[in-house]
Amino acid sequence: MKYISTRGQAPALNFEEVLLAGLASDGGLYVPETYPQFSPEEIASWAGLPYSEVAIKVISPFVDGAIEQATLEAIIRDTYTTFRHPAVTPLVQLDSNEWVLELFHGPTLAFKDVALQLLGRLLDAVLAKRHERVVIMGATSGDTGSAAIEGCRRCENIDIFILHPHQRVSEVQRRQMTTVLAPNIHNIAVQGNFDDCQQMVKDSFADQSFLQGKPLVAVNSINWARIMAQVVYYFYAAVQLGGPHRTMQFSVPTGNFGDIFAGYVAKRMGLPVGQLIIATNRNDILHRFMSGNKLEKTELMHTLSPSMDIMISSNFERMLFELHDRDGAAIAQLMEDFKNGPVSIESARFAKARDLFASLAVDDEQTCQTIAAVLAESEYLLDPHSAIGVEAARRCRKSKDLPVITLATAHPAKFPDAVRKAGYPQDPPLPLHMQDLFQREERCAVLPKDLKAVQQFMAAHIRP
Ligand SMILES: *Cc1c(COP(=O)(O)O)cnc(C)c1O
């Protein structure tokens, strides 16, 4: 399996190279040259399989021998033992033909664990084979940092440095990062804001000389392996509800368009998906595009669903590439134009997008109302991101005779403020295995907002 860039200029890479590459050298994102295909009979035969066995079926053709098959299978089986629910991603029923797929039973209680637990292990295996070591550097405003740290805590060949704005992440979020005490894990609290952290990461990727030859690797959501890992649960959920003989509708709380693009990939691989619903908060670039064929940046807004607070959905470029029949030159031009202002696409291509996706933007007030309504109806407590998904599912679903599955992306205990605003009388309790979080020892370096200071700290702490 080869991977090609959405902008058509960068060389094609194999899986191992794509895993390490992140962004393509022409500024594009990597996608597989073709999508593996599964027949309805084959998909039907997965009914009743455990999560990790479905994952092996779905992931193997993408890896395509870049990691030895027995090793890959062992990695996948080990990965999903870190989830606290035996079904890994269990389905919960809200109403007839209405379901929630709980993706938050991993170590950090959000869906990013599904991909980052696997990514850390895959990277470590590939690096061991190549006798190489890398440094992961990232900035976080909360969720992604802890999922990346948990994904890498046992990696022999990776040192990871996560920057967060000092005293500007919630205590749960900070402790989820700083209580991981493994020798390769480094938390840096920068005396600045999130943008300062992100700028330092960007500057460090641009000039890596401070690391004396160790390459920097990014684990943000443009990494293809993250999308690949997320394709699995679309298949897993569908076969439990009668797929592929029944068509499924999915509603996906969306920020960078990574999770929902995985749903599109599942459809391309043969899963009958009738509708994919894009659910956004007030940061609604995708909903505005779907409503009027105009892709336009606006100001960033802070909402009760902070993990979806984005200005631009970076993975949407992969969808635009598909809508343009994989014309890399057209996408390079479109993204260039987008730097200078709003863009539109040809009406036939836009019609295709409207065929595939529905969309809804949900504000904070409605988010709270949905949390309260679902709690009253079924005593089920949604987190604010998942609530946006459920609201969009209810308003946008085409058919009430077909199942609609909302992806529940975070555990409500991660967002106590939003849940209380919705009228819940207390902070939702953390799961049992995390109830000692506030007693655990923390380790974190507090550094000034100074690139040199951060880089010196990193150079001094990487393992030889
Ligand atoms: C990251 C995140 C999302 C958005 O996922 P994308 O892949 O960026 O669309 C939604 N909910 C939660 C809780 C998240 O952490």
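Our subject is the structure that appears above.
About the thresholds
- Residues numbered from 1 in each chain as written.
- Predicted model: local features only at pLDDT ≥ 70, side-chain atom pairs only at ≥ 80, totals over all residues.
- Heavy atoms only, no water.
- Phe/Tyr/Trp six-rings, centres within 6.5 Å; stacked < 30°, edge-to-face > 60°.
- Helix = DSSP H or I, 4+ residues; strand = E, 2+ residues; numbered from the N terminus.
- Buried < 20%, exposed > 50% of the residue type's maximum accessible area, 1.4 Å probe, protein only.
- Near = heavy atom within 4 Å.
- Polar contact = N/O pair within 3.5 Å; in protein donor to acceptor, adjacent residues only side chain to side chain.
- Areas by Shrake-Rupley, 256 points an atom, 1.4 Å probe, with all protein chains shown as cover.
- Nonpolar A, V, L, I, M, F, W, Y, C, P; charged D, E, K, R; others polar.

Participant: I'd love a proper account of the packing of aromatic side chains, names of residues and values included.
Facilitator: Applying the stated criterion across every chain, the model contains 17 aromatic pairs. Seen from their ring centres, Tyr-80 and Phe-83 are 5.6 Å apart, and the 50° between their planes marks the pair as tilted. For the pair Phe-257 and Phe-316, a centre-to-centre distance of 4.9 Å together with 80° between the ring planes defines the contact as edge-to-face. Taken as a pair, Phe-257 in the loop between strand E9 (248–253) and helix H10 (258–268) and Phe-316 in helix H12 (residues 316–323) lie far apart in primary sequence, 59 residues in all. Exposure remark for Phe-257: the relative accessible area of 0% places this residue in the buried category. Cluster of aromatic residues (ring-pair linked, three or more members): Phe-257, Phe-289, Phe-316, Phe-350 and Phe-357.

Participant: Go over unusual backbone geometry with me, naming the residues and quoting the values.
Facilitator: Of the consecutive residues Gly-243 and Pro-244, the connecting peptide bond is found in the cis state with omega at 0°. Looking at the secondary structure, you find Pro-244 in the loop between helix H9 (224–240) and E9. A positive phi is found at Gln-212, a non-glycine position, where the angle reads about 50°. Secondary-structure assignment places Gln-212 in the loop between helix H8 (194–206) and strand E8 (216–217). With phi around 55°, Asn-293 is a residue other than glycine that occupies positive phi space. Positionally, Asn-293 belongs in the loop between helix H11 (285–292) and H12.

Participant: For the site of the ligand, give the residues involved together with the corresponding values.
Facilitator: By nearness alone, 15 residues border the ligand, and Lys-112, Gly-255, Asn-256, Asp-259 and Thr-409 come closest of all. A distance of 3.4 Å is found between an oxygen atom of the ligand and a backbone nitrogen or oxygen belonging to Gly-258. Between the ligand and the protein, one listed contact pairs a nitrogen atom with a side-chain N or O atom of Thr-409 at 2.8 Å. Notes on the ligand: free accessible area 380 Å², of which the protein chains cover 96%. Of the residues belonging to the shell around the ligand, the class tally is five nonpolar, seven polar and three charged.

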